[in-house]
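So you can see what is in the structure, the chains are spelled out below.
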Amino acid sequence: MRSHRLLWLALLWPVIAPADERVLSLEDAVDQALQEAPQVAVSAAMRDAAGAVAPSAGRLPDPELVTGIDNLPINTADRFSFTRDFMTMRKIGVMQAFPNRQKRRLQSERAEREIAVAHGELLKTRYDTARAVAEVWIARATDEESLARLKSLKPESDLQAAAARAALASARASAAEALAAQSMAAALDERILALEQDAEIQRAELARWLGADAERPLAGIPTDLDLGTTPAALLAAVHQHPALAPALAKLAEAQTDVELARAQKRPDWSAELDYAQRGPDFSNLVSLEFHIGLPLFARHRQNPVIAEKLARVHAQEAERDAEVRMHTAEIQGELARWSRGRERLRHYASELLPLARDRSRTALASYSAGRGDLRAVIDALTQDVNTQLEYVQLEGSVARAWAFLRFLHGTGDAP
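Residues numbered from 1 in each chain as written. Predicted model: local features only at pLDDT ≥ 70, side-chain atom pairs only at ≥ 80, totals over all residues. Heavy atoms only, no water.

A. Spatial organisation of the packing of aromatic side chains. Counted under the stated rule, the structure contains six aromatic pairs. Here the aromatic rings of Phe86 and Phe282 are separated by 6.2 Å at their centres, their planes lie at 50 degrees, and the arrangement is tilted. Taken together, the residues Phe86 in the loop between β1 (64-70) and β2 (89-98) and Phe282 in the loop between β3 (269-277) and β4 (285-292) connect sequence positions 196 residues apart. When its relative accessible area of 45% is taken as the criterion, Phe86 is described as partly exposed. Geometrically, the ring pair formed by Trp402 and Phe407 is edge-to-face, given 6.2 Å between the ring centres and 70 degrees between the ring planes. Comparing Trp402 with Phe407, the two get one shared label, buried. Ring pairing ties together the aromatic residues Phe98, Trp269 and Phe290, which thus form one cluster. (Phe/Tyr/Trp six-rings, centres within 6.5 Å; stacked < 30°, edge-to-face > 60°. Helix = DSSP H or I, 4+ residues; strand = E, 2+ residues; numbered from the N terminus. Buried < 20%, exposed > 50% of the residue type's maximum accessible area, 1.4 Å probe, protein only.)

B. A look at the side chain of Gln96. When you line up the elements, Gln96 lands in strand β2. On the basis of relative accessible area, Gln96 is assigned to the buried category, the value being 17%. For Gln96, the side chain forms a polar contact with the main-chain oxygen of Pro61, separated by 2.9 Å. (Polar contact = N/O pair within 3.5 Å; in protein donor to acceptor, adjacent residues only side chain to side chain.)

C. Spatial organisation of the packing of helix α8 (residues 302-368) against helix α9 (residues 374-406). At a minimum axis distance of 7 Å, the contact between α8 and α9 shows a crossing angle of 155 degrees. With respect to their mutual orientation, α8 and α9 come out roughly antiparallel. As α8 runs across α9, the sense of the crossing is left-handed. Partitioning the contact of α8 with α9 into residue classes produces 24 nonpolar, seven polar and 11 charged. (Axes fitted to C-alpha atoms, helices over the stretch in contact; angles between N-to-C directions. Parallel < 35°, antiparallel > 145°, perpendicular 65-115°, else oblique. Left-handed = near helix turned anticlockwise from the far one by under 90°. Nonpolar A, V, L, I, M, F, W, Y, C, P; charged D, E, K, R; others polar.)

D. Local environment of the environment of Arg342. Assignment of secondary structure puts Arg342 in helix α8. Linking Arg342 and Ala399, residues 57 residues apart in sequence, is a C-alpha distance of 9.6 Å. Setting aside residues up to four positions removed in sequence, Arg342 forms contacts with Thr223, Asp224, Leu225 and Val398. (Contact = heavy atoms within 4.5 Å.)

In structure tokens:
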């Protein structure tokens, strides 16, 4: 019976294992974080809040109930009587204000601008989240790849240290050379420990975004993926990138505020309909009144407000221009980092890495055969270690540039 169970487990293992050991790619990590990150949920809720209140903008104000007593006597024999004086009236009515049509249209338009600002903030939050998750994912991936490469070099470091001890015992090497070899091995161990520490820290940071999925093994560092668009298209569409969405939306909102301030120069009006009841010996009355605002002092009231709103527009325009310039420079820099970095990676893979590896092995082999200098062996292995780590750091730099550029033209549909 046990042998049958083992047989079934062996048959099912290829199906079960991939589910448990499925790798976590950079794009998968970003997609999951965008669905679960509280920051994105907050921005989405703010956008929904702006959309919920928008239908009330530009509507007529609520009508007002008017009630009271007119012409109540306060002296003579008729004082405080509601019925003896023919002018005393108990009044009830309704008043409705009618803001000018342009003001109401602009109030509705401004509500739409507020929705646009909230949506721009949501787009930027999604972009910032995508970049933050990508940064953590890449940091962990580079740590783990660096760790793997250093561990692959550790046997040679241990062999070098052993050869140095043997050479010291046979008087082929000095004590200083032997200590240098030992120091090299200890330094490599320290680097491995430091990378293990950093990898654990980055795994914990990734769990902040992904929860238990942060424990999944990572896919390879993405250095050969396309951008999904052309560099020229990225630069041409700089105004459409999510990082600039809030600034552009706020500029449009400020421009609407200017038009709304100018609309204050146009008069509003209101209408009031009253029914007045008098004493039994007198007729009841109906009154209809119209009230029209008179913005006669625009120089001291409306014009300063308009000037203030215009100044805010100029400030928003300057901020937009500054962000466009900064973002254009960032895109150009990241395009150079991405394209030139990939060329450098190919150069590392075809030239620098093989040369460093061959030099290290040749130096150690020569020394083991009784030829060569121990210092040359240490220098060669040190160069090999540094070249391996430089290559991984360059991979991380290229991946970061790719993530910056890739998420500029969208992080999926906003919820």
